[in-house]
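Each chain, written out:
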Amino acid sequence: MEKIKLGIAPTRRFCFSKEDAHRFKDLILERMRADERIEVVDIEEINEEGLLYDSVEDVEKIADKFIAAKVDAIFFPHCNFGTEDTVAKVAKKVGKPVLLWGPRDEDPLEDGSRLRDTQCGLFATGKILRRFNVKFTYIPNCTLDDPIFARGFDTFLRAVSVVKAFGKLRILQIAPRPASFWTMMYNEGELLEKFGIQVFPVTLKELEMRTLAVEEEGGKVLQDTIAQIKETVDCTEADETAVRRTAALKLAVRSFAQEQCCTAAAIQCWNALQDSLGIMPCMVNGLLTDEGLPVTCETDIHGAVTCVMAHAAAMYKTAPFFADLTVRHSQNENSELLFHCGNFPPSLAEGKLKFSRHFLFDGHEPGTHEGPVKLGDMSIVRFDGDHGDYQLFLGKAKGVSGKFTRGTYVWIEVNDWLLWEEKLVCGPYVHHCVGIHDYVIPALYEACKYIDGLTPDLADPDEATLRAWMRGSIQ
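Residues numbered from 1 in each chain as written. Predicted model: local features only at pLDDT ≥ 70, side-chain atom pairs only at ≥ 80, totals over all residues. Heavy atoms only, no water.

(A) Expanded view of the overall build of the protein. Scanning the protein from terminus to terminus reveals 15 helices and 18 strands. Taking 2.2 N^0.38 as the reference for a compact globule, 475 residues should give roughly 23 Å; the C-alpha atoms of the protein span a radius of gyration of 25 Å, in line with that estimate. A principal-axis box enclosing the C-alpha atoms of the protein has dimensions of 85 × 50 × 40 Å. Evaluated residue by residue, the protein yields a buried proportion of 58% over its 475 residues. Partitioning the intrachain contacts of the protein with sequence separation of at least 6 by distance along the chain shows that 76% fall at a separation of at least 24. Accessible area for the protein stands at about 20200 Å²; split by element, carbon and sulfur atoms hold 50% of it. Across the protein, the mean location of the 54 positive side-chain charges is 2 Å away from that of the 72 negative side-chain charges. (Helix = DSSP H or I, 4+ residues; strand = E, 2+ residues; numbered from the N terminus. Rg over C-alpha atoms; globule rule 2.2 N^0.38 Å. Buried < 20%, exposed > 50% of the residue type's maximum accessible area, 1.4 Å probe, protein only. Contact = heavy atoms within 4.5 Å. Areas by Shrake-Rupley, 256 points an atom, 1.4 Å probe, with all protein chains shown as cover. Lys, Arg positive; Asp, Glu negative; His and termini not counted. Charge placed at Lys NZ, Arg CZ, Asp CG, Glu CD.)

Below is the structure:
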């Protein structure tokens, strides 16, 4: 994970305590600099105070500094009332996600005077940001050590991580979708026009040639990859030739992605690949996903977008997994099986996954791995769209015990499966989703604010409950 580069422009207004504004500025900067997720870009040298206030010259200097530093977002802590028009001008010029917050005011002093009136200034700034058409995230007026601040700031950083990753989306498309998978159709031109998402296609023939070249060349990198596979996956019953070719395929996919600076990939995993190379790519998909390059099955480009967004929202601390929504539990009305042939990241496994042959296809080619993944709380996500409208499905789930099945899998339990099923069938979605063992729904919901043309679609929690959680009204 790259650190979030955060521009911090503390603001004050002349008619309130200058000393108190400086005190809070120092406290806030100390807190920000202690956060290992952030690279702070401050405004200390812009003027003698290191504060944003009513100065046309300072607006230009601050905006130019943030732009030159390539900040990912801007934080405008209101150290007293603040200067709303100045904040809006900087935010508009820089054009990055904005965080608005100020410390809660103390009671009036004995003489009746007030030091900051921070809350009043936040009302003013919120209105002027709207006038300037600047979208922003707001943390309720609270103390710096309040859990509400910690929750809101964490959600904002995660949302910025998503926006940053979304803005760099470049997907390696390995071959077209399988012919019978009409659900995997997507509009490449529209993704580029609406979201700036770039797709770089390569053919299966190119992949075959490179895989065989890597295998023939051998060398230390291939041997190290073979050793990594054997350490990560139980290969006791695997054929050495299959392990070697799987390692070569992994290196080939990685090399294409590196050449094109791709952040995800989608592969036509059956059945031409089995004819040309004699293996399945499922395990390779999982291994590369664990290394930060999500690879989705069946040339699911929208699935690859979803993986990148979920991974970024989790601040890259845990890998996403790409799954089919398959069957409902026979005894649990709100439980569903998430499964795929053998592509889940090994880091998520309950125990060690087993190198296997594909159980479904007639050829039973090697290259999958099998076993359940860990249970516990997770988020289920899906980016999808049709007719020019794009939505992001969001729902909380919990991994629960269930019947054994082949492939990589986990049973989940949700709040209201019939609601989920209705949304998934009637919305712009398909049978694929992405799961991640983290509560990323608030961050993804907030990220949609900054991604024009993408609407959040909440299954659990509902919007009112989520917003109440985000502002700290409920735990």
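That shown, we press on.
(B) Highlighting the packing of helix H9 (residues 240-259) against helix H11 (residues 282-290). With their axes 9 Å apart at the nearest point, H9 and H11 run at an angle of 55 degrees to one another. In terms of orientation, H9 and H11 fall into the oblique class. Crossing geometry of H9 relative to H11 is assigned as right-handed. Counting all contacts with H9, which are made through Thr 246, Leu 249, Lys 250, Val 253 and Arg 254, the residues of H11 involved are Met 283, Val 284, Leu 287 and Leu 288. (Axes fitted to C-alpha atoms, helices over the stretch in contact; angles between N-to-C directions. Parallel < 35°, antiparallel > 145°, perpendicular 65-115°, else oblique. Left-handed = near helix turned anticlockwise from the far one by under 90°.)

(C) Examining the nonpolar core more closely. Membership of the largest hydrophobic core comes to 93 residues, with the highest contact counts inside it found for Phe 75, Phe 153, Leu 207, Met 309 and Phe 383. At ten residues, helix H5 (residues 147-167) tops the list of elements feeding residues into this core. Ignoring sequence-local partners within four residues, the contact set of Phe 383 consists of Phe 166, Leu 191, Phe 195, His 302, Val 305, Thr 306, Met 309, Tyr 390, Gln 391, Leu 392 and Leu 454. Ala 9, Val 41, Val 98 and Leu 129 belong to the second largest nonpolar core, which has 23 residues in total. (Core = buried A, V, L, I, M, F, W, Y, C linked by side-chain atoms within 4.5 Å.)

(D) Molecular detail of helix H8 (residues 220-232). Here H8 is 13 residues long and its end C-alpha atoms lie 18 Å apart, about the 18 Å a rise of 1.5 Å per residue gives. Within the span of H8, buried status applies to Leu 222, Thr 225, Ile 226 and Ile 229. Each buried residue of H8 sits inside an arc of 100 degrees when the element is viewed along its axis, so together they form one side. Exposed residues lying more than 90 degrees from the buried face of H8 are Lys 220 and Glu 231. Buried residues belonging to H8 abut helix H7 (204-217), H9 and H11. (Expected span 1.5 Å × (residues − 1). Arc of directions from axis to C-beta.)

(E) Highlighting the side chain of His 340. Structurally, His 340 is set in strand S11 (residues 335-340). Classification of His 340 by relative accessible area gives buried; the value is 2%. Looking at His 340, its side chain comes within polar contact range of the side chain of Asp 324, at 3.2 Å. (Polar contact = N/O pair within 3.5 Å; in protein donor to acceptor, adjacent residues only side chain to side chain.)

(F) Just helix H15 (residues 463-470), in detail. Listed in full, the buried residues belonging to H15 are Leu 466, Ala 468, Trp 469 and Met 470. Buried residues belonging to H15 abut H5, helix H14 (441-448) and strand S18 (454-460). Two or three places before Ala 464, at the start of H15, stands the capping residue Asp 462, its side-chain oxygen 3.3 Å from that residue's backbone nitrogen. Of the residues flanking the end of H15, it is Gly 472, one or two places downstream, whose phi is positive at about 90 degrees.

(G) Representation of the packing of aromatic side chains. With the rule as written, the count across this model stands at 17 aromatic pairs. Measuring from ring centre to ring centre gives 5.5 Å for Phe 383 and Tyr 390, while their planes differ by 25 degrees; the resulting arrangement is stacked. Accessibility classification places Phe 383 together with Tyr 390 in one group, the buried group. Here a set of aromatic residues connected by ring pairs shows up, and it is made of Phe 75, Trp 101, Phe 149 and Phe 153. Taking the ring centre of Tyr 53 as reference, the NZ or CZ of Arg 12 above it sits at 5.0 Å. Directly above the ring of Trp 469 sits Arg 151, whose terminal nitrogen or CZ lies 4.1 Å from the centroid. (Phe/Tyr/Trp six-rings, centres within 6.5 Å; stacked < 30°, edge-to-face > 60°. Lys NZ or Arg CZ within 6 Å of the ring centre and 35° of its normal.)

(H) Here's a closer look at the sheet that holds strand S5 (residues 136-138). What the five strands build is an open sheet, ordered S2-S1-S3-S4-S5; its pairing is parallel. The sheet terminates laterally at strand S2 (38-41) and S5, the two strands that pair on one side only. In this sheet, adjacent strand axes meet at a mean angle of 30 degrees when their direction is disregarded. Pairing of strand S1 (residues 4-8) with S2, which is carried by four bridges, proceeds in the parallel orientation. Paired with Ile 4 across the strands is Ile 38, a residue of S2. Contacting S1, S2, strand S3 (73-77) and strand S4 (98-101), helix H1 (residues 18-33) crosses the sheet at an angle of about 145 degrees to S2. (Pairing = 2+ DSSP bridges.)

(I) A look at the sheet that holds strand S9 (residues 295-296). With parallel pairing, the four strands of this open sheet are ordered in space as S7-S6-S8-S9. Pairing within the sheet leaves two strands with one partner each, and these edge strands are strand S7 (198-202) and S9.

(J) Representation of the pattern of salt bridges. Overall, the coordinates contain 35 salt bridges when judged by the stated rule. In this structure, Glu 44 engages Lys 25 in a salt bridge whose closest nitrogen and oxygen atoms are separated by 3.0 Å. Taken together, the residues span a long stretch of sequence, with Glu 44 in the loop between S2 and helix H2 (56-69) and Lys 25 in helix H1 at a distance of 19 residues. Note that Glu 208 and Lys 205 form a salt bridge whose closest N and O atoms lie 3.7 Å from each other. With Glu 208 and Lys 205 both in helix H7, this residue pair falls three residues apart, about one helical turn. (Salt bridge = Lys/Arg side-chain N within 4 Å of Asp/Glu carboxyl O.)

(K) Structural view of the state of the cysteines. Summed over the entire model, instances satisfying the criterion amount to zero disulfides. In this model Cys 235 remains outside any disulfide bridge; the closest cysteine sulfur is found in Cys 282, 15 Å from its own. Assessed through its relative accessible area of 14%, Cys 235 is described here as buried. (Disulfide = S-S within 2.5 Å.)

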